[in-house]
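Geometric and topological summary
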Amino acid sequence: MNLNKTQKKQIKGNFYHLIDQYPKLKKLTELLEQLEGVGNQEMISQCNDEIGESLFGFGEFDAALSHFKEQQSSYQAKDDIEKDYYFRIKIAKTLFQKGFTEAALDKLFEVLAFNSEELNAYAHNYLALICINQGEMIKGESYLLRSIEVHTRFAKKERLSENKIVRGKYHQIEGDYVRALQYFNESLLLSRSVENSYLESYLLMSCAELFMEINHFKEATRIYRDAFHIADKEQYTFIYIKSRIGFGESLMKDGNTFLAQQILKETTSLSKDKKYHNLQLQSLEGLQACYRKEGLIKQSKENHRLIEALMLKIKFEKESVVVDIIEEKEKELKALLVKQRALVEQQKDMDQLRYVLAHDLKEPLRNIGNYAGLIRKRYKDAIGQDGADYVDIINQATKKLDNLMTGLLSYLTVGVLEVNFEQLNTNTLLFDAIRGIENLIGKSQANIELNAPEYIYADASSIKEVFSELLLNSIKFAKKDVPPIIKINFETTKEKTIFKIEDNGIGIENAYLEKIKKLFYRLDRTSDDSSIGLGLAKCKKIIQLHGGTIDIQSEYREGTTVVFSLNNYK
């Protein structure tokens with residue numbers, strides 16, 4: 001498919017002018033256009049991600065930043081919060097690459113406010129890198145360890161490769177070159193296993209920089225050559241130029257000043273584009289070292305003037321970008337104010353709805369039930385048995401509707417009434433929850449095994465309700481003639497307390513695992529009990545209010561495990 005200029009402009013992202021320059025980018029944009037035609041959102045997201053990463057790899061950082069911002073805004077407009085925050089990380093890493101550390105940190109801390117373990121881990125890796133580069137080693141290591149733990153658990157090879165790069169940088173700064181090289185090599189193997197040539201070339205360059213630092217110039221020269229060969233083949237211009245500069249500097253350090261000058265002159269020419277001005281400065285500084293070593297005074301003076309002029313240009317460019325960032329923040333603030341006003345109006349509507357549920361609807365419902373009872377009592381001879389049965393159906397429907405409204409009102413009240421977070425004795429809380437359903441426990445002969453932390457930080461009444469609801473579900477969905485065995489266990493991290501509630505019940509088929517967390521969804525619709533399908537939805541809302549997540553793992557006929565987390569507030 002050959003794209004004309006108009007078609008290129010229709011493709012998402014402000015990078016259409018680069019398409020003919022990069023064959024890989026052209027293929028991706030053609031694929032994106034096809035995917036948008038069929039509306040495959042998941043594939044569109046992956047394709048947009050790869051386009052942005054390709055632009056980043058090609059060294060087109062401004063285009064990559066523009067593309068990532070456009071995707072973030074697009075998913076924000078669709079209320080796809082996970083994708084919105086995912087692309088915020090991409091924006092942060094591009095800002096960091098461009099040298100705007102504070103703006104990158106702002107974006108990463110925005111991501112940490114979103115409750116996603118995997119995205120938080122991804123953000124933690126870049127926070128670790130920034131902290132380590134700034135010399136905040138303890139804080140950087142703390143972020144890094146959190147990221148590694150999650151990515152190891154999720155078996156994310158690419159993310160683990162990035163983790164090992166940061167760990168290698170940490171040990172390099174600490175002066176432990178053996179361990180730094182070990183982590184770089186481990187990361188290199190991982191990047192090759194997932195065929196990520198950008199990471200491979202970046203890692204080779206990092207290894208070469210380490211060898212330069214310990215004065216092993218011949219080894220550095222060899223590895224730089226490998227790095228820029230891969231970068232040249234894949235069109236990773238930034239890595240190619242940076243590796244060639246390192247190659248020239250290693251040649252100079254090894255005594256081959258003449259060849260070093262030729263290489264550094266070439267890289268100075270290659271990096272004239274505005275987006276590579278920092279690399280051009282590095283090239284000129286490398287040349288300056290060559291001229292001084294050779295005693296070339298005239299060339300050194302001329303080169304020094306070029307360095308000073310370029311430094312002024314870079315300073316001006318940075319100031320103009322800072323102005324752009326401030327303007328963007330002002331737009332975001334205005335958008336937040338608009339959202340805040342909308343939320344205030346939404347809250348007024350919710351207050352009105354709660355009032356209607358509690359008063360306006362309950363009263364006529366009670367009247368229906370009362371008058372149905374009177375009809376059955378006073379006119380039983382006139383209506384006969386069929387009429388009495390119909391009245392009973394009206395009564396049952398009235399009670400069910402009353403239960404539904406009571407449950408819905410309870411659900412809508414979560415987070416509205418004052419929530420009091422405090423240190424609670426977990427065993428006392430659990431015993432209170434068990435005491436409230438002890439009749440059911442006795443009838444079912446349920447056996448509850450407790451292994452709980454000494455304390456948790458939570459709102460007592462709402463978290464007790466979560467435990468009660470989950471215990472009730474385990475009893476309700478027990479196997480016929482098999483006493484329920486319910487095990488409550490926990491584990492803790494620095495930030496979370498994670499509870500696991502396991503049972504030996506009938507389990508849940510995969511098709512229903514997501515549905516049961518929705519409002520009014522009941523697995524057992526033939527039951528006569530008063531359940532209206534709000535229990536798990538309410539539990540989810542309470543847990544989210546506590547800054548945690550809830551997940552259900554189950555196999556049909558093999559039992560169910562509910563896992564939920566609570567923040568460890570300090």
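Residues numbered from 1 in each chain as written. Predicted model: local features only at pLDDT ≥ 70, side-chain atom pairs only at ≥ 80, totals over all residues. Heavy atoms only, no water.

**Topic: the nonpolar core**
Of all hydrophobic cores here, the largest spans 89 residues; its most connected members are Phe-15, Leu-25, Ile-51, Leu-55, Ile-89 and Leu-108. With near-sequence residues (within four places) excluded, Phe-15 lies in contact with Leu-25, Thr-29, Ile-51, Leu-55, Ala-63 and His-67. Within the second largest apolar cluster, 32 residues are counted, among which are Ile-434, Ile-448, Ile-543 and Val-562. (Core = buried A, V, L, I, M, F, W, Y, C linked by side-chain atoms within 4.5 Å. Buried < 20%, exposed > 50% of the residue type's maximum accessible area, 1.4 Å probe, protein only. Contact = heavy atoms within 4.5 Å.)

**Some points on the side chain of Thr-257**
Take Thr-257: it is sitting in helix α14 (residues 257-270). A relative accessible area of 6% means that Thr-257 is categorised as buried. In this view, Thr-257 contacts Cys-290, Lys-293 and Glu-294; residues no more than four positions away in its chain are not counted. (Helix = DSSP H or I, 4+ residues; strand = E, 2+ residues; numbered from the N terminus.)

**What about the packing of aromatic side chains?**
Evaluated as defined, the whole model comprises 17 aromatic pairs. Arranged with centres 5.3 Å apart and planes meeting at 85°, the rings of Tyr-198 and Tyr-236 form a pair that is edge-to-face. A residue pair is termed long-range when its members are at least 10 positions apart, and Tyr-198 in helix α11 (residues 197-213) and Tyr-236 in the loop between α12 (217-234) and α13 (237-253) qualify at 38 residues. Taken individually, Tyr-198 and Tyr-236 each receive the classification buried, so the pair is uniform in this respect. Through successive ring pairs, a cluster of aromatic residues spans Tyr-22, Phe-56, Phe-58, Phe-61, Tyr-198, Tyr-236 and Phe-238. Positioned above the aromatic ring of Phe-56, the side-chain terminus of Lys-93 is 4.5 Å from the ring centre. In this structure, Arg-244 packs its charged tip against the face of Phe-228, placed 4.6 Å from the ring centre. (Phe/Tyr/Trp six-rings, centres within 6.5 Å; stacked < 30°, edge-to-face > 60°. Lys NZ or Arg CZ within 6 Å of the ring centre and 35° of its normal.)

**A short note on the environment of Tyr-143**
Along the chain, the position of Tyr-143 falls in helix α8 (residues 137-153). On the basis of relative accessible area, Tyr-143 is assigned to the buried category, the value being 11%. For Tyr-143 and Cys-131, which are 12 residues apart along the polypeptide, the C-alpha to C-alpha distance reads 8.8 Å.

**Some words on the sheet that holds strand β6 (residues 550-555)**
Whenever strands of a sheet pair, they do so through backbone hydrogen bonds, lying parallel or antiparallel. Spatial strand order, β2-β4-β5-β7-β6: 5 strands in an open sheet with mixed pairing. Each end of this open sheet is capped by a strand with a single partner; those strands are β2 (447-450) and β6. The average undirected angle you get between the axes of adjacent strands in this sheet is 15°. In this sheet, strand β4 (residues 485-492) lies alongside β2 in parallel orientation, the contact comprising 4 bridges. Within the sheet, the bridge partner assigned to Leu-450 lies in β4 and is Ile-488. Helix α19 (residues 426-435) contacts β2, β4 and β5 (496-503) of the sheet and is inclined by roughly 170° relative to β2. Lying over the sheet, helix α21 (residues 460-476) contacts β2, β4, β5 and β7 (559-567), oriented at roughly 175° with respect to β7. (Pairing = 2+ DSSP bridges. Axes fitted to C-alpha atoms, helices over the stretch in contact; angles between N-to-C directions.)

**Some thoughts on the pairing of β4**
Here is the key point about a regular strand: its side chains alternate between the two faces of the sheet. Bridge analysis of β4 against β5 gives 7 bridges, and the strand direction is antiparallel. Looking across to β5, one finds that Ile-488 is bridged to Ile-501. Hairpin connection, β4 to β5: the antiparallel pair is bridged by 3 residues.

**Re the pattern of salt bridges**
Inspection of the entire model under this criterion finds 24 salt bridges. In this structure, the salt-bridge partner of Lys-275 is Glu-60, at a minimum N-O distance of 3.3 Å. Taken together, the residues Lys-275 in the loop between α14 and α15 (277-294) and Glu-60 in the loop between α3 (41-57) and α4 (61-77) connect sequence positions 215 residues apart. Given a relative accessible area of 26%, Lys-275 falls into the partly exposed group. We note a salt bridge from Lys-98 to Asp-62, for which the minimum N-O separation is 2.6 Å. Placement of Lys-98 in helix α5 (residues 81-98) and of Asp-62 in helix α4 is noted, with a sequence separation of 36 residues between them. (Salt bridge = Lys/Arg side-chain N within 4 Å of Asp/Glu carboxyl O.)

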